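Architecture at a glance
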Amino acid sequence: MRPIRMSMISLALLSLASACLAEDPKSLGHHWHVPAYRVEMQAQICIMAGIALAIVGSLWIKRIVQTRRSRQ
Amino acid sequence: MSLLENSRKQVFHVLCLLMLAVIASSTLLSIFTEGVQIKILKDLCMTCILFGGAAMAIALGSSGIPNDVESRTIHPLIARPLTRAQYVMGKFIGTVITVSVGVAAMALAFSALIFLYQHSFDTYLCMAVLFTLLEVAIIAAIATTISTFATPAVTTVLTFLAYVGGTIKIGYVGGLIERSSGGITKAAYLLIYHVLPNLECFNLKASLVHHDAVPAAYLGQVFIYGICYIAFVLVLGMSFFAGREV
């Protein structure tokens, strides 16, 4: 039982540590070397800013319309 | 109050002790040679810190608001001069501080192990742990927001899916978008792709293991992205909770 358990533990650890066993770290393509990560972050920041601006804009327009109606 | 409430929960103690036990038992990796051993130790410990932190954020973030609503302890809180937005923000900050305490304990145990092996402190460790904490804060924000309109069980499942989806987003969902040809399918994949957080970019484990420096501009961008995502998700949660009957 003991060798089987030992081999299972070794396999589990090796699968966890597969990244660190690579000979050349650059060959792994760390995410800070991959442009897709940077592009996606910028796209998401733009989308969030766009949604926030749209909400603020719609609230502002709503307030202006309400003010005009109350004056009439 | 949220901090005290969270720190008394069993799940917090169990997860902390479990992860600390795994980190401590990683010293038993004597079957590997010295150079590989320290790399595996760093890899295993960072994985433990991330999994432990994420599990704590999901467990604590998903139960805070629904428990208060169910046990009606929210009524005296709302009766005070406290807005609903402040209440949601307080719940989120309480969850993040509680998880930070657990992550700090794990990071201390990990840095002690590194000191034992390397006889010096690793400067990359602080950076990796800080960005892991930012990733955990995003998971806590998602859990807090979903918990404003869903039950704890649904919140746990949805947050876990968001966590897994956010981790495999660029590699897997990005590949699905490239392979899909249909208009509606592609639009659905694109929606999922842009809604899910990009969690993999907070993972600086490889930098710690290989001592591969990460560009400062990239780190700055990741930090700003994390803060923006947390703020956006929390504002959504506050607006959901503002219109809800409690």
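Let me begin by describing the structure that accompanies this report. The structure presented is a predicted model; accordingly, all values stated were derived computationally and were not measured.

Within chain A one finds two helices and zero strands. Counting every position in chain A, which comprises 72 residues, the buried fraction comes to 17%.

A count of helices and strands for chain B gives eleven helices and zero strands. When its helices and strands are written in sequence order, chain B yields α-α-α-α-α-α-α-α-α-α-α. In terms of overall dimensions, chain B has C-alpha extents of about 60 × 50 × 30 Å along its principal axes. For chain B, with 246 residues in total, the buried portion stands at 50%.

A water-sized probe, rolled over the atoms, reveals where empty space remains. Its boundaries defined by the atoms lining it, the second largest pocket holds a volume of some 520 Å³. Together, 21 residues line the second largest pocket, and Val195(B), Leu196(B), Tyr229(B), Val233(B) and Leu236(B) are the ones closest to its centre. Of all the elements in the fold, those that place two or more residues in the lining of the second largest pocket are helix 2 (35–71) of chain A together with helix 6 (123–147), helix 7 (152–167), helix 9 (183–195) and helix 11 (216–242) of chain B. Examining the composition of the lining of the second largest pocket, we find that five residues originate from one element, helix 11 of chain B, more than from any other. In terms of residue class, the lining of the second largest pocket is made up of 18 nonpolar, three polar and no charged.

Residues and elements named next belong to chain B. Applying the stated criterion to the full structure yields four salt bridges over all chains. In this structure, Asp43 and Lys205 form a salt bridge, with 3.0 Å as the shortest nitrogen-oxygen distance. Taken together, the residues Asp43 in helix 3 (residues 34–70) and Lys205 in helix 10 (residues 205–210) connect sequence positions 162 residues apart. Exposure class is identical for Asp43 and Lys205. Each is buried.

Okay, the environment of Leu191(B) next. Tracing the backbone shows Leu191(B) in helix 9. For Leu191(B), a relative accessible area of 58% translates into the label exposed.

Below, the discussion takes up helix 6 of chain B. Residue and element names in this part refer to chain B. Compared with the 36 Å implied by 1.5 Å per residue over 25 residues, the 37 Å span of helix 6 between its first and last C-alpha is a close match. Most of helix 6 sits inside the fold, with 20 of its 25 residues counted as buried. Capping the start of helix 6 is the job of one residue whose side-chain oxygen sits 3.2 Å from the backbone nitrogen of Tyr124: Asp122.

Below, the discussion takes up the packing of aromatic side chains. All names here are of chain B. For the structure shown, the criterion picks out five aromatic pairs over all chains. Seen from their ring centres, Tyr87 and Phe241 are 5.6 Å apart, and the 25 degrees between their planes marks the pair as stacked. Note that Tyr87 is positioned in helix 5 (residues 84–118) and Phe241 in helix 11, a separation of 154 residues in sequence. The ring of Phe241 is capped by Arg84, whose NZ or CZ atom sits 5.5 Å from the centre of that ring.

Residue and element names in this part refer to chain B. Structurally, the position occupied by Thr148 is in the loop between helix 6 and helix 7. Taking the C-alpha atoms as reference, Thr148 lies 39 Å from Ala112; in sequence the two are 36 residues apart. What Thr148 contacts, discounting residues up to four positions off in sequence, is Ile65, Val88, Gly237, Phe240, Phe241 and Arg244.

All right, on to the side chain of Thr145(B) then. Residue and element names in this part refer to chain B. In this fold, Thr145 is placed in helix 6. The exposure class of Thr145 is buried, given its relative accessible area of 7%. In this structure Thr145 touches Val233, Leu234, Leu236, Gly237 and Phe240, once residues within four positions along its chain are discounted.

Rules of the game
Residues numbered from 1 in each chain as written. Chains lettered and ligands numbered in written order. Predicted model: local features only at pLDDT ≥ 70, side-chain atom pairs only at ≥ 80, totals over all residues. Heavy atoms only, no water. Helix = DSSP H or I, 4+ residues; strand = E, 2+ residues; numbered from the N terminus. Buried < 20%, exposed > 50% of the residue type's maximum accessible area, 1.4 Å probe, protein only. 1 Å grid on protein atoms, 1.4 Å probe; cavity = no way out; pocket = protein on both sides within 12 Å on 5 of 7 lines; lining within 4 Å. Points joined across faces, edges and corners; volume = space filled by probe spheres on them. Nonpolar A, V, L, I, M, F, W, Y, C, P; charged D, E, K, R; others polar. Salt bridge = Lys/Arg side-chain N within 4 Å of Asp/Glu carboxyl O. Expected span 1.5 Å × (residues − 1). Polar contact = N/O pair within 3.5 Å; in protein donor to acceptor, adjacent residues only side chain to side chain. Phe/Tyr/Trp six-rings, centres within 6.5 Å; stacked < 30°, edge-to-face > 60°. Lys NZ or Arg CZ within 6 Å of the ring centre and 35° of its normal. Contact = heavy atoms within 4.5 Å.

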